[in-house]
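Topology and contacts: notes
Each chain is listed here by its residues.
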Amino acid sequence: MFKKILIANRGEIAVRVLRACHEMGIAAVVVYSDVDRAALHVRKADEAYPIGAAPASESYLNTPNILDVAKRSGADAIHPGYGFLSENAKFAQACADAGVKFIGPTAAAMEAMGSKTRARQAMEKAGVPFVPGTSRGAESFEEAEKIAAQIGYPVMLKAAAGGGGKGMRLVQAPEELKSSLEAARSEAERSFGDGEVYIEKAIVNPRHIEVQVLADEHGNTIYLGERECSLQRRHQKVLEEAPSPIVDAGMRRRMGEVAVRVAQTANYTNAGTVEFLVDQEKKFYFLEMNTRLQVEHPLTELITGLDLVHLQIRIAAGEKLAFKQGDISIRGHAIECRIYAEDPENNFFPSPGKIALLQEPSGGMYEGWTVPIDYDPLLAKLIGYGADRELAIARLTRALSEYFVGGIKTNISLFRRILRDADFRAARLDTGFLDRMLQRPDGKPIDSRAEAVAAIAAGMFAALGSTAATASERAAGGGSGTTGNAESNWKNASRREALH
Ligand code: MV4
């Protein structure tokens, strides 16, 4: 087993990986940029090294500096977290060349999945179902016109090098094809330096459902059920749940077996996610594979009882999976809210700044911390778990009512709204859900002042009446807490948030 792991990331995922290292008796080394000197991952690490200025290109994407820290600290492995270098095949190769184990798939497996058209060609051979369309770029407008007519409108133009919706265009009718193709091409060229664009049948209001897979380095690959990720805004996931409300045991097995075939076709090792689009008839189509641990991985951990980061580390250290597909069972239901530093009342405008007040039912940030503008706005993840979906929703609703972040804006109110939405409650979810909800007037608008006052009142109860529940939640949260200075916190709260 590794003795020391370097975590090449920041924020909540760095803390999550760090905790797994400590649970396994492994020392954790972290790196940080200039604006992250006071971040939680730095505070909790065994060793922390500065790697550069705030821009990610100078710090968290700075391969030479990160590898230099690996060497200086004597780390024997690197965990990339998600984002940053996690899906960078060149970085994985550079780690291998430097004799440091990259905790993730090989550079070759990442490259196999990097190009959509290449991945489609490989999956075609393996008999994996994917959206009808071409598996190579359209050479000319005339060719695209022919293909689109064969497939039938609406069609989707996609960048072969793409992901996350960049270089993607929905084309409803033949007369839109020319301008859409040009737009998709130039966007793909600008974003990826590769203008290859291919054509798929457009699935109308699809669901986005993904399957977690785990593969060891001895040929064993298993699936760990699915996550429903249909609630997105501008290709940014907002709320995810597991299991998917529309997937039954038979569909889970069929999707899982396809996901395992995808992974095996790519010689995939470690943790990965196979994404599917699911149409209104519940037919599923392979979309792409994410060659990293994902933000929403704790949902799978809750419903399977497994720790995915522990398993990633064990796999990377060469261990065999200690269980088989038949040992995996799905228990309960989990829902995740991504708490972002952005303002849902103001077009989701980014909201960096100092966290002046924090009442939280879980951990990820602390009072007095300044959220930098330089990175992704994800502050924390709030996950409700219960025996079934109803209970998971009830727990999340309760936790959201206790949640308050002062000094900056967050999207917490958006989740209160989603969770009381009738369509959400009935699990009528698809990728158009959020946009539709946001176009309707808010059925129960909450005055932000009233909301702040309610939060302050909740905070007073939490701080003054020290019940067992509050104490344990505070312990789990790891924030600075309010016990002992309830009065000054209350004063801060009222001064800053509402009563002035
Ligand atoms: C699609 C599609 C409909 N038909 N492909 C968006 C991101 C990219 N990874 C795939 N995406 C889509 N591909 C076909 N053939 C609709 C989407 C899509 C979407 C997918 C998942 C989650 C949210 C989405 C929002 C809009 C469009």
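Let me sum up the structure you'll find in this document. Predicted model only: the values in this text are computed from it and were never measured.

Further remarks concern the sheet that holds strand 6 (residues 155–159). Taken in spatial order, the three strands line up as 7-6-8 in an open sheet, and their pairing is antiparallel. Of all the strands in the sheet, the pair left with one neighbour each is strand 7 (169–171) and strand 8 (197–201). Adjacent strand axes in the sheet meet at a mean angle of 25° when their direction is disregarded. Looking at chain direction, strand 6 and strand 7 are connected through three bridges and run antiparallel. Across the sheet, the residue bridging to L157 is R169, located in strand 7. Against the sheet, helix 8 (residues 174–192) makes contact with strand 6, strand 7 and strand 8, and its axis sits at roughly 170° relative to strand 7, the strand it touches most.

What follows covers the environment of D374. Positionally, D374 belongs in the loop between strand 19 (370–371) and strand 20 (378–386). Between the alpha carbons of D374 and V35 there is a distance of 8.6 Å; along the sequence they are 339 residues apart. Excluding residues that lie within four positions of it along the chain, D374 makes contacts with V35 and A54.

As a further point, take unusual backbone geometry. Going from Y153 to P154, the amide bond is cis rather than trans, its omega being -5°. Locating P154 in the fold gives a position in the loop between helix 7 (141–151) and strand 6. Note the cis peptide between A242 and P243, where omega equals -5°. Following the sequence through the fold, P243 ends up in the loop between strand 11 (236–242) and helix 9 (249–265). Even without being a glycine, H235 presents a positive backbone phi close to 65°. Within the element layout of this structure, H235 appears in the loop between strand 10 (221–233) and strand 11. The phi torsion at A427 lies on the positive side, around 60°, for a residue other than glycine. Looking at the secondary structure, you find A427 in the loop between helix 14 (422–425) and helix 15 (433–439). Residue A427 is classed as buried on the basis of its relative accessible area of 15%.

In the region of the ligand, 17 residues are neighbours, and K158, E200, K201, I203 and E288 sit closest. I203 places a main-chain nitrogen or oxygen 2.8 Å from a nitrogen atom of the ligand. In this structure, E288 approaches the ligand through a side-chain N or O atom, which is 3.2 Å from a nitrogen atom. Surface burial for the ligand is 88%, taken as the share of its 520 Å² of free accessible area covered by protein chains. The set of elements that each furnish at least two residues to the shell around the ligand consists of strand 6, strand 8 and strand 13 (284–290).

Take the nonpolar core next. Residues I5, L6, I78, L214 and I313 are the most contacted members of the largest nonpolar core, which totals 63 residues. Among residues more than four places away in sequence, those in contact with I78 are L6, A8, I66, L67, A70, F91, C95, V100, K101, F102 and I103. Judged by nonpolar contacts, the second largest core, of 37 residues, contains V238, M365, L419 and L434.

Counted under the stated rule, the structure contains 29 salt bridges. Linking E288 and K116 is a salt bridge whose minimum nitrogen-to-oxygen distance equals 3.4 Å. Taken together, the residues span a long stretch of sequence, with E288 in strand 13 and K116 in helix 6 (residues 116–125) at a distance of 172 residues. The same class applies to E288 as to K116, namely buried. Residue K158 is joined to E200 by a salt bridge in which the shortest nitrogen-to-oxygen separation is 3.0 Å. On the criterion of sequence distance, the pair formed by K158 in strand 6 and E200 in strand 8 is long-range, its members being 42 residues apart. Judged by relative accessible area, K158 falls into the buried class, the value being 10%.

Conventions we followed
Residues numbered from 1 in each chain as written. Predicted model: local features only at pLDDT ≥ 70, side-chain atom pairs only at ≥ 80, totals over all residues. Heavy atoms only, no water. Pairing = 2+ DSSP bridges. Helix = DSSP H or I, 4+ residues; strand = E, 2+ residues; numbered from the N terminus. Axes fitted to C-alpha atoms, helices over the stretch in contact; angles between N-to-C directions. Contact = heavy atoms within 4.5 Å. Buried < 20%, exposed > 50% of the residue type's maximum accessible area, 1.4 Å probe, protein only. Near = heavy atom within 4 Å. Polar contact = N/O pair within 3.5 Å; in protein donor to acceptor, adjacent residues only side chain to side chain. Areas by Shrake-Rupley, 256 points an atom, 1.4 Å probe, with all protein chains shown as cover. Core = buried A, V, L, I, M, F, W, Y, C linked by side-chain atoms within 4.5 Å. Salt bridge = Lys/Arg side-chain N within 4 Å of Asp/Glu carboxyl O.

Geometric descriptors of this kind do not, in isolation, establish any biological role.
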